[in-house]
Amino acid sequence: QVQLVESGGGLVQPGESLRLSCAVSGPFFNIYAMRWYRQAPGKQRELVALITSNGSTNYADSVKGRFTISRDNAKNTVYLQMNSLKPEDTAVYYCNRGTTNTPGNGWGQGTQVTVSS
């Protein structure tokens, strides 16, 4: 069973930045695709960003140009750099380990991001 531990969330003002981290247990981290999702109160969980095993990335339209997903295979860690944050980015953010076409079943506890003035 994979373990995913998200961190780096917090309370920031609009326009500020945060970097989220997700530490992943288990071997062969480098062969998996990694995703960041978020879930705002009363809303469904939505995909924010994807990075494949070879480093290709994809983003939700709502975060393109503001968020950057990256990975450090030596540290079994995936990151989400979030710039120019907006109140609508407020959510609990989760990472997920899966394949390029399919997310996995395991979830961490998430990390809360709150953007408010």
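Cut-offs and rules
- Residues numbered from 1 in each chain as written.
- Predicted model: local features only at pLDDT ≥ 70, side-chain atom pairs only at ≥ 80, totals over all residues.
- Heavy atoms only, no water.
- Helix = DSSP H or I, 4+ residues; strand = E, 2+ residues; numbered from the N terminus.
- Buried < 20%, exposed > 50% of the residue type's maximum accessible area, 1.4 Å probe, protein only.
- Polar contact = N/O pair within 3.5 Å; in protein donor to acceptor, adjacent residues only side chain to side chain.
- Contact = heavy atoms within 4.5 Å.
- Core = buried A, V, L, I, M, F, W, Y, C linked by side-chain atoms within 4.5 Å.
- Phe/Tyr/Trp six-rings, centres within 6.5 Å; stacked < 30°, edge-to-face > 60°.
- Salt bridge = Lys/Arg side-chain N within 4 Å of Asp/Glu carboxyl O.

Asker: Can you help me understand the side chain of T111 in this one?
Answerer: Checked against the element boundaries, T111 lands in strand β10 (residues 111-115). Residue T111 is classed as buried on the basis of its relative accessible area of 9%. A polar contact is formed between the side chain of T111 and the backbone nitrogen of G9, at a distance of 3.0 Å. Excluding anything up to four places from it in sequence, T111 contacts E6, S7, G8, G9, L20, A91, V92 and Y93.

Asker: So what exactly am I meant to see when it comes to the nonpolar core here?
Answerer: Judged by nonpolar contacts, the single largest core of 28 residues is most densely connected at W36, L80, M82 and Y93. Of all the secondary structure elements, the ones that give two or more residues to this core are β3 (18-24), β4 (33-39), β5 (46-51), β7 (67-72), β8 (77-82), β9 (91-98) and β10. Not counting residues up to four positions away in its chain, the partners in contact with Y93 are E6, L20, W36, Y37, R38, V48, F67, L80, M82, G110, T111 and V113.

Asker: Looking at this model, I keep getting lost on the packing of aromatic side chains. Mind explaining?
Answerer: Aromatic ring pairs are reported here in terms of the distance separating the ring centres and the angle at which the planes meet. Evaluated as defined, the whole model comprises two aromatic pairs. On the basis of an interplanar angle of 75° and a centroid distance of 5.1 Å, the ring pair of Y37 and W107 is categorised as edge-to-face. Linking Y37 in strand β4 with W107 in the loop between β9 and β10, this pair joins segments that are 70 residues apart in sequence. Taking relative accessible area as the criterion, Y37 reaches 11% and is therefore assigned buried. Since its relative accessible area comes to 36%, W107 is described here as partly exposed. On the basis of an interplanar angle of 85° and a centroid distance of 6.2 Å, the ring pair of Y94 and W107 is categorised as edge-to-face. Within this pair, whereas Y94 is found in strand β9, its partner W107 is found in the loop between β9 and β10, the two being separated by 13 residues in sequence. Here Y94 falls in the buried class, since its relative accessible area comes to 12%.

Asker: Help me understand the pattern of salt bridges in this model?
Answerer: As a working rule, side chains carrying opposite charge can pair if their charged atoms are close by. Counting across every chain of the model gives four salt bridges. Between E46 and R38 there is a salt bridge, and its shortest N-O distance comes to 2.6 Å. E46 sits in the partly exposed class, given a relative accessible area of 35%. Between K64 and D61 there is a salt bridge, and its shortest N-O distance comes to 3.2 Å. The exposure class assigned to K64 is partly exposed, which follows from its relative accessible area of 48%. Since its relative accessible area comes to 65%, D61 is described here as exposed.

Asker: Explanation requested: unusual backbone geometry in the structure shown.
Answerer: When glycine is set aside, most residues are seen to have a negative phi, and most peptide bonds are trans. Unusually for a residue other than glycine, F28 sits at a positive phi of about 60°. Here F28 lies in the loop between β3 and β4. Of note, the phi angle at S84 is positive, near 50°, even though the residue is not glycine. Checked against the element boundaries, S84 lands in the loop between β8 and β9.

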